[in-house]
Each structure stands twice: as structure tokens, then as C-alpha cells.
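Fold and geometry: a report
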Amino acid sequence: MPGNSESRCVTLEIINGKELRVPSGRIPAGIYVSINDDSSRRWKSAISVLSSEKSAVWGESVTLPSHASSALSVEIRASYEAERMLGNGEVIGKLQISLNELLDHGDEPFHLSFPPVRGVHPFLTLKVVVVHACSNQQGALSNSLIDCEIARHTDAGHVQFALYVTSKAVSHLNDAVEHFQLALDQCSASHPDHAAALTNLAWARLKGYTRKDLQDIDATTSIFRDAFALRSRRHPDHSLSVYNLTEALNWRHYKKNTAGDIREAAQLYHKLLPLCPEGTYLHSIAAGKNGVDYVIGECNNLPKDGSDEGIHFQRVVLDLCSLDHPLRPEALDRLSSVLRSRFTQRGNIEDLDEGIQFRREAVSLCPEGHPDRDFYLNNLAFSLNARFGQQGKPHDLDEAISLYEELLRLCPIGHRARSSSLDNLGGALVDRFDGRNDINDIIRAVTLYREALTLRPHGHPGRDTTLSNLAGALKTRYDKLDVGEDLNEAIDLYRESLRLRRLDHPERHVTLCSLSSVLCSRFKQTQQNEDVGEAISLCQQSLAALSVLHPDRYFSYMWLQEAYLSRYRILHDPADLSLAVENFRLASRHPTQGFPGRIAEAIEWARQAEVYQHESALEAYRMCFELFDSHVMTRSSIISRREAATAFRGARSLPVDAASCAIRSGNLQQAIELTEQGRGQQWSLASRLRTPLEDLESTSPELARKFLHLSKQLSNAQGSAAGTDRAAADRAAIEYRRFTREWEAAVTEIRDLRAFSRFLLPPLYEDLQVAARHGPVIIFIASQYSCSAIIIPTGGSPHHVPFPSIALADLKTLKDRFGRAIREASRMNPTESRTDLIVLSRILWDEIMLPIIDVLERVLKLKRRSRIWLCPTAAFTSIPLHAANPFLTKPDRSGKEPCLEDLYICSYTPTLSALVRSRQLMKKRVPPSFVAIGQGQPGAGKGKALLAVDSELELVHDLVPVTASRTIISGDAATRAGALEALQKNTWVHLACHGKQDPVQPYHSHFVMKDEHLTLLDIMERDVPHAEFAFLSACHTAVGDEETPDEVIHLAAGLQFSGFKSVVGTLWEVDDSVAKHVVEAFYQYMFKPSKEGVVMNCTRAAWALNCATHAVKTEVPLEQRMVFVHIGV
């Protein structure tokens, strides 16, 4: 007590409180205890968070006066602010007690019970201790806080609001609203209690709205939103403000069924739950049936949205569902469904894959006996069947059929869903029959459909669907087995289905197209003009029923072109062919159909135009490349781009077929442009983000900086593979597409500049001819229509060199024979003659290289020992063209006839653009630094030990000029990280280790390091613009991708892309002990002194390799000399 430092006093410990129910039912920020004595002094505990068990813990003590007659008022109050309070909060319990009554309990803890709230008595656990000598302490009673009008109105509002809740008298509500409004009126927008005043008013109004005593929910929601805006994430009352706003949104959705409100509530709950520790009262309410459970349930009733934003929202809803939440299977299924919708539009197989994972989880959460298991089984089977349709993986279809079989067992005769199960299983069996031709599948499918049809008699709402399905199965059986009765029955069934689908039926246009397709089939059989005429009319009706941008117009165009083409094949009317082509054009250009379907139609257009020699063939090829480019650019990862490129049948040969078409049309320049546009798409897409900008910087520095900044952002947003956190990956994909739009806008702005109208557009011939500045480039075209070469000279028009005696099949045979001969040679003694290789090299010389040499010598007058570049396509990429050799003695027996590498210095280039880009980067040079990286002891399971590696590294180190910085990294230091760092820091690199080309996923091709593999993907993700030369003394470093041979995706090309201008790589396995001779000779020539002394010049690499392989003829067998190739400048 003031002024008395040594006196007898009593300490009251407030231990905890239980059964703490708030009369108004409002969720408090916390609970505190207040003690007042008869002299108006007051003590107030800290605000303790209310637990889910409606209890609070304090463990605080207050020092009381020792007057036995002292009367105390003990109160339990709810605070609606966690720290700074507005007023005193809401009273939970209050009672009067004297000090003597407290002392009667001795020094043992005891319960102090309060009047009941909602039928339950709240109580405090207290403990009294008498202290005989005490001094002034912090926990003593102090003078009450000065009252203020804002606090008085707030307290009065809490009292009236509690009375309203318990009595339901509207007068109390009106009084509460009035008091809270008066408090708010005195709290300006800048007042520290403004948010608290807003919240009190909004909560009273919301309660009145829920009881239908007030009407304006929109204004109430706005007040909650204003309070929320004032409480940032760091504010102690932020989580409570989030919850309050969700309550308003939930009630408005409940009353008005506003989808936007429940979507926003879900997003807010996604933020709220991590902020609410488990065990707190707020968490128990937010995570309960009237909180997040309500939101999840309502969100599961919303229309499905397959946009990026809609998918992100479904991920949010799924995140709200704990692993054992009863609504989680439905949330999983809905997310899978919207991913499937996006897949349909964009064709990103990752969406379909992820959707299948979600549906697997949904099935796992519904074990046998679960009432919804059949629903989730059906949807999983549907997704697997859809993926089979895209990728053709047999195990997907087999699993789908297995699931449909289980589903059918769950639907015995009499079950309401049996007809649907029969339909679905029948469809999967039809698909399997299409691929495997097992007659039992199609027989059973037809049987299942017939049973389903009996379960859907006239008047059944699903009869039209089963009629169409049975008709489709019969048409499939007709196509395979040519049973005429099947075709006629299919037509009858489609006609009946069409009669059931009236003009306003949403799927009528589908049946119109299906009926059109079977009538086309019958026309091919009977050549009755009525059938094809009706088929065309049906497709036209289908088009008339659809809006201009309806996605299914694509199918109408597709079947219409099939009808016109069918009639042209019989009647040979050029007008029909023209109409077929026009519908090919419309289908491939239809903007609301996904890229996959449009690409497939464009490929078929090109094929049919070739078959009938229609003038639109080149247009079709250009459309293919344009669509491919747009489709692949939507993929946010390098690997998914390749998957997109390999997903289409017939796409592999498009670049060379397009070039062949242009050659046959007499337009060699366009042949070169199309070859370049269609080939190397992976590289060209990635290199767009690394375009040299010197010219742009001099014209518009600001625009150059903007483009460079956006390119870096877009490059950083690229994922190399799908992340494990799919919600994060989806957000990253949305961000990637946003950056893409901004980047494309910047490109458009650049193209508006006079000198940059073709910025990043497919290059024209004059742009590509720059690649031949230092010597001719020879493109080898391997098409099913013709095989030939185009020579691009340093200046002037290109030259065509046909290979009349070589067909594509011959090249494939030649490739296979080379492979066998090299494998056999690797098992031979070094001194044995490589007869097979010699024979094959002669074929290369006679059939392919000799006519090219004739043009080089006679037409272009190219001097011997000049440089030439070979640019192979398709089957040519797997043939060692540089090894062409007549293996003949001169007529005068003065020596051997010269081979290709005697006549010219040969290099390779993956694409013309790659060579142009390397030359552009040569303008920026820095002092050379050389690193030799070797890993001869890769560890268990990573390949045999390479015993010559260390000596090779020492040899190379000694041959490098001492003027350059020289480093060796080997043994335990030759790790993935160490190699990557060395690649980025050095301009010259020698790599000696195991190399492996991955035939399934070429981006996983790798060099074997001590710990992890150094992959092609790792290399591509590095930008090393000052790098100059790399020697890859490893196996398979210049072998391309089997699935997309024209993409030349290999380790050497990856190094060239990352910045190395000149690269020596290998075509097959290298014997490290033998290769050492080539390496030594190469560096001796590379660093051979000249008049200027020893100069490190990467453009000498091709000449040095040429000299080295000649110099070691007596020490190194033929296949180990042929294995090394030079790529680049």
C-alpha cells in the first residue's frame, strides 16, 4: 500500500479458469480477471487465450490489502482485443467476496464459482497466501484507469448486446448498435481503436441479421472488411479479424447464395487456420462444422472452373481438408475434374497425371464398404482411360478396365448405377480392341452395351447415350472386321439417338457428327451419293447449332472435311478437295479448341495434301509449326515441352517433310526456313530468353533493358520439372503465364521499331545464310517423300543435291548397319581390319557425299582444306557423315584417294541458328581460363573405373599454355556442384568421365560425377556467355534424341546452348586408354605455336581435331577416330 513499505498483506494467485462461456456467444481475443476493492482500486490480469475446452490459464498474483473487512469485486471478462483494449470487454462472471471469505480457504488452491452462463457455472482456481512482511509490489491494486466516453459507450454496447442475445429483445439490439455507433463516431479513421470500434458495431449488426432483426448484410460485411484492412498480418487481432470477415461472408452466402462470398471465405480460411494454434477456442470454431466444414461443403457445390484461377481455388479448398476430413474425397475429385478440363483445353499431360493421383487418393479414402466407393472408382477409371487416349500406355487402359470390372461387381442386377457401369466398361473394352484387336473385347463390349440398352428402355433419360455408345462400338467393329450389318445397325442406332435428342438437346450436335461419320463409312462401301450428301448436311446442321466460338465446332469441321475427302476419293471433283482443305483449315485454326486437337488436324491436313498433291501442303506445314510453337510455349518446364513435342503421331517427320515439300515446289529458300523453324524447337524456345541485344541497345536502350529484365524473370519462372508441392507449382505456372504475357507485349513493342520488325520471328533465308559466312553449310534432308541435301553457300542462292538412289528406308538401314559395325569393332583387336565400317564409309562416299563434293568443287569452287558445316536431320543425325571415305588407291598408285576429311575441315551444327548465335557471342571475349575435370572412379553402379583419366588430365594440363589460368578437378572434388561451378567460371573446359545419353528422357543425359549426375538439364539452366571451348572426352555426348531426332538434344548441343561456341563430342562409346592419343594430338595441334605465338583460339578446334585424327591413324582404330566430332564455330 502506498507509503507503507513494511506491512502485513495477502497475495491472491489467479491460477486458471474453466467453463468460461461468453454470454453473447462472440469469440473473444482472450479472457482476463479483474479485481476491484471498495476504494475503487483495481487489478487486472493479462489477457489469456481461451482454449478449445473453454478454459484459460494465468498463473498471476495480486497483492490485496490486509483489512479483514475489505470487500472485493472479482470479475471474469472477455476481451475482444488481444492487447490494447477498447473499454473493459464483456462480463462473463461477477461476484462480491470479502477478504475473510478468501482467507477461510487457507493456503490450498480452491474454486471460486460464478453465476451460470448458458446453464454452466464458470469458475476460477485461486490460492491465498498471507505475507507478514511485504513491500510495495507490482501486483498490488492500483487506482482505476481514467474513464472516457468511448469506453463507456463500448461497455454499454457489450452489456446491451449480451442482453439481446440472451433475451432476443430487439430493443437491446438497437441500444447496442446505438452505443457501438457512438463509440465509432468518436474514433476517427486514424484513432488506434478505430478497427475495434468497427468490429463491435459490425458484430452486433451481423447477429441482428442472422436473427432477421436487421437487413443490411452488405454494409455489415463492408464494416468487417474495413476493420480487417486496418489489421495487418502482424497485428495481434489479425486472425480474429479474418474470422469475423469469414462469418459475414458465410452468412451472406447462406442468405443470398453468392458464389464470390464463399470463394473469398475459403481463401480467408486458408490464411486463418495456420494462424490459429490447435487447442485454442478460435481454432476449434474455425475448424468446426459452422466454420471451415461449412465453407468446404458449399465450395464443393460451386460450378467447376477449369481456368488457372479456378484450379488454384480448388487447391485451396483441398488444403482446407485434413487427411481424415470426410469431405476430402469430394475435394480431391473436384480438383481432378477441373485439372481434366484444363487438360482438354491446353493438352498439358501433367494436369491429367496429377488428376489421376488425386483420384487414387480419393479411392484410397473410400475402402470397400464405403457408400461412395463406386463413384470414385468410376472417376479414376475415367481419368486413366483418358490418359490412355493421350499416351497409349496399355497399363492405363488395363487398370481402367479392372476398375470398371470392380465397379460393375458393386452394381449387381437391379442396382441403379448398373447401366452406367455397363456403358463405361464397354467403352474401355472398345478402346482396347482398337489397339490390340482381341475379338473378345469388342464382342463383350457390344454385349455390355446391349444389356445397358435393355436397362434403359424407351423413356429412360440415358437411352440416347447408350444408343450412341452401342453405335460407336458397332462402327469400330465394322472398321476392323468389315461386317456390313454392324454399319447399318450403327446408322439405325444413331438415328434413334438423334430422334431422342431434340433440337434443344445440349449433345445433339455430337450425334449429328457421329451419324455423319458412319454415313461416310457406308459411302466408301456403297458409293451411294445420298449417304455422303446426308453426312455433309448433318455436319452443317451441327455447325448451325453451335455458336461461333463453341469448342465442338472443331469436330464438325473435322468430320465435314472427312465427308468431302471421302467424296473426292470416289468422284474426283476438285471442288470437294478444296472444301476438304478449307475445313482442315477451319479446324486447325479454331481458337477455342485446345492445341492438341488442332495440331493433330493440321498434321493430317499436311499428310492428305501430300497424298493428293494439293497446293495447300506448305500452308499446312506452316500451320503445324505455328501451333506447335504456341502449344509448347505454354509449358512452364523444359521437360514438359519435350513431352508436348513427342505426343503427336506423325510429328517427328514434319520438319523434313515440309522441307521436301518446298524442294519439290522449287523453293529452296523456303525449304531452309521451314527446316529451321521445325527443327530444334526446344533450343529455339529457350534461346529466345538469351537473345543478344547489342543492336537493340543502341536503338532503344530502355526497351532493351525492359526486355532483358522480363527475359530473366521468365527464365527464372521456368521449372525444370514438376515440383512436389503442386499448389506451389500451380501458382508458379500462373506466374509463368503472367510473365509470358508481359514478355510477349515487350516483343510486340520491339517489333514496332523500324529495324526490328522480325525480332524473334522464325528467321528468313538471308538471316540464316549468315551461318555460312566462314564456309558452306550442308543440310541433309531425310524425308519419306525424298532424300537430298541443300548447300547454303557464303553468298547467293542455295543449291539442291538430290539423292535419287537413297530412300528413307535405306538411311534407316544404313544407320542400323553402322551401329552393328561399331559394336563389332569395339570387340575386335586394334590391328584387325574394320571391313564392315570400310564398306559403310564407301556407301556414304558414293551415294551421299560425292554428289555434294561435286557441287562444292565445280560450282562453288571451294578450295581444299576449307571449312564446311554438316547439319543432318532425322535419320542422318545417327550416321557419321564426316567419315565418308572411298577407301580406294589412286589410279597411279601414288597413294590413297582423298576422303571427306582430307578434302575439307568438317564441323557439325545442330541448327543454323545455333551457329549464328555462337558467332554473335564471339564478339564478347575475356582472358582464357582452362579447367580439366575428370572422374575415373565414379563409384558403385555408375560404370567401370576409367584408369587413364588422371593421366589424361595431367597431359592436358601440361599442354595448355602457361599464360592461361589452369585448374584440375578430379577424384572426390569432381562432384556435380564442383563441375557446374567450374563450367561457369572457366572459358575452356576438358571433361573426362563416363557420359550417358538417356534415350527415354534426353534431358536426363548426363556426365557421371562422384556424387550426383551432371545432367543436360543442369547445363542448360546455366548461362555462360563468355565460355568458348569444351572437349567432352566421354561416351555418347553428341548422340541425339530417338523420339525427336530433329531436336538434337544431347550433351554437346546443351553445352553449345549454354554458351560454349566450340565443342568436341563423341558419337558412341570411347575407350579412354585409346582416346588419350587423340586428346594428346588434338591439344598439340590446338596450341601449336604460330607467328603470334601460342594463341588460345576456339575456332581452331575443327582443324586441330582433323589433324589429330589423321596423325593417330597407326595408333587408334578407325571407330575410335570416327567417334570424335566437332560442333560449332
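Residues numbered from 1 in each chain as written. Predicted model: local features only at pLDDT ≥ 70, side-chain atom pairs only at ≥ 80, totals over all residues. Heavy atoms only, no water.

**Overview of helix 20 (residues 529–545)**
Put simply, the test is: Starting at the N terminus, helices and strands are each numbered in turn, a helix being any DSSP run of H or I of at least four residues and a strand any DSSP run of E of at least two. The span one expects for a helix is its residue count, reduced by one, times 1.5 Å. Accessibility here uses a 1.4 Å probe with only protein chains present; expressed as a share of the type maximum, an area under 20% marks a residue as buried, one over 50% as exposed, and anything in between as partly exposed. Taken from the helix axis, the directions to the C-beta atoms give the arc we talk about.
For helix 20, which comprises 17 residues, the first-to-last C-alpha distance of 24 Å matches the rise-based estimate of 24 Å (1.5 Å per residue) to within 8%. By the burial criterion, the buried members of helix 20 are Asp531, Val532, Ala535, Ile536, Leu538, Cys539, Ser542 and Leu543. Each buried residue of helix 20 sits inside an arc of 155 degrees when the element is viewed along its axis, so together they form one side. Seen from the buried face of helix 20, the exposed residues on the opposite side, beyond 90 degrees, are Glu530, Ala544 and Ala545.

**Some thoughts on the sheet that holds strand 19 (residues 1006–1007)**
Each strand in a sheet pairs with its neighbour through backbone hydrogen bonds, running either in the same direction (parallel) or in the opposite one (antiparallel). Rules: Only strands joined by at least two bridges in the DSSP assignment are considered to pair.
Ordered in space as 18-19-20, the 3 strands form an open sheet in which the pairing is antiparallel. With partners counted over all chains shown, the strands left at the sheet margins are strand 18 (995–996) and strand 20 (1014–1015), one partner each. By the bridge criterion, 2 bridges tie strand 19 to strand 20 in an arrangement that is antiparallel. Among the inter-strand pairings, phenylalanine 1007 is bridged to a residue of strand 20, identified as leucine 1014.

**Looking at the nonpolar core**
Stated precisely, the cut-off is as follows: What makes a nonpolar core is a set of buried Ala, Val, Leu, Ile, Met, Phe, Trp, Tyr and Cys residues whose side-chain atoms join them at distances within 4.5 Å. Contacts: residue pairs with any heavy atoms within 4.5 Å of one another.
The biggest cluster of nonpolar side chains holds 315 residues, and the ones touching the most others in it are Phe780 and Phe1082. The element that contributes the greatest number of residues to this core is helix 34 (residues 835–859), accounting for 11 residues. The contacts of phenylalanine 780, once residues within four sequence positions are left out, are Ser788, Ala789, Phe803, Ile848, Met849, Ile852, Leu870, Cys871, Pro872, Thr873, Phe876 and Leu881. Core analysis: the second largest hydrophobic core is formed by 11 residues, Leu710, Val747, Ile750 and Phe759 among them.

**A word on a positive patch on the surface**
Operational definition: Candidates for patches are residues over 30% relative accessible area with no salt bridge; among them, like charges are joined within 9 Å and nonpolar side chains (Val, Leu, Ile, Met, Phe, Trp, Tyr) within 5 Å. Accessibility throughout is a Shrake-Rupley quantity obtained with a 1.4 Å probe, and a residue counts as covered only by protein chains that appear here. The term salt bridge refers to a side-chain nitrogen of Lys or Arg lying within 4 Å of a carboxyl oxygen of Asp or Glu. His is not counted here, nor are the chain ends, while Lys and Arg score as positive and Asp and Glu score as negative. Where a charge lies is defined by one atom per residue type, namely NZ (Lys), CZ (Arg), CG (Asp) and CD (Glu).
Residues Arg817, Arg820, Arg823 and Arg827 make up a contiguous surface patch of positive charge. Within the secondary structure, arginine 817 is located in helix 33 (residues 808–826).

**Let's talk about the pairing of strand 22 (residues 1062–1066)**
The element strand 22 is extensively covered by neighbouring structure, given that 5 of its 5 residues are classed as buried. With 3 bridges connecting them, strand 21 (residues 1029–1033) and strand 22 associate as parallel partners. From the neighbouring strand, alanine 1030 faces strand 22, where its bridge partner is valine 1063. Two strands pair when backbone bridges link them, and strand 22 and strand 23 (residues 1124–1128) are joined in this way by 5 bridges, in the antiparallel orientation. Bridged to threonine 1066 within strand 23 is phenylalanine 1124.

**Description of a nonpolar patch on the surface**
A contiguous nonpolar patch, built from Ile439, Ile443 and Leu481 and spanning about 220 Å² of accessible area, is present on the exposed surface. For isoleucine 439, the position within the fold is in helix 16 (residues 439–454).

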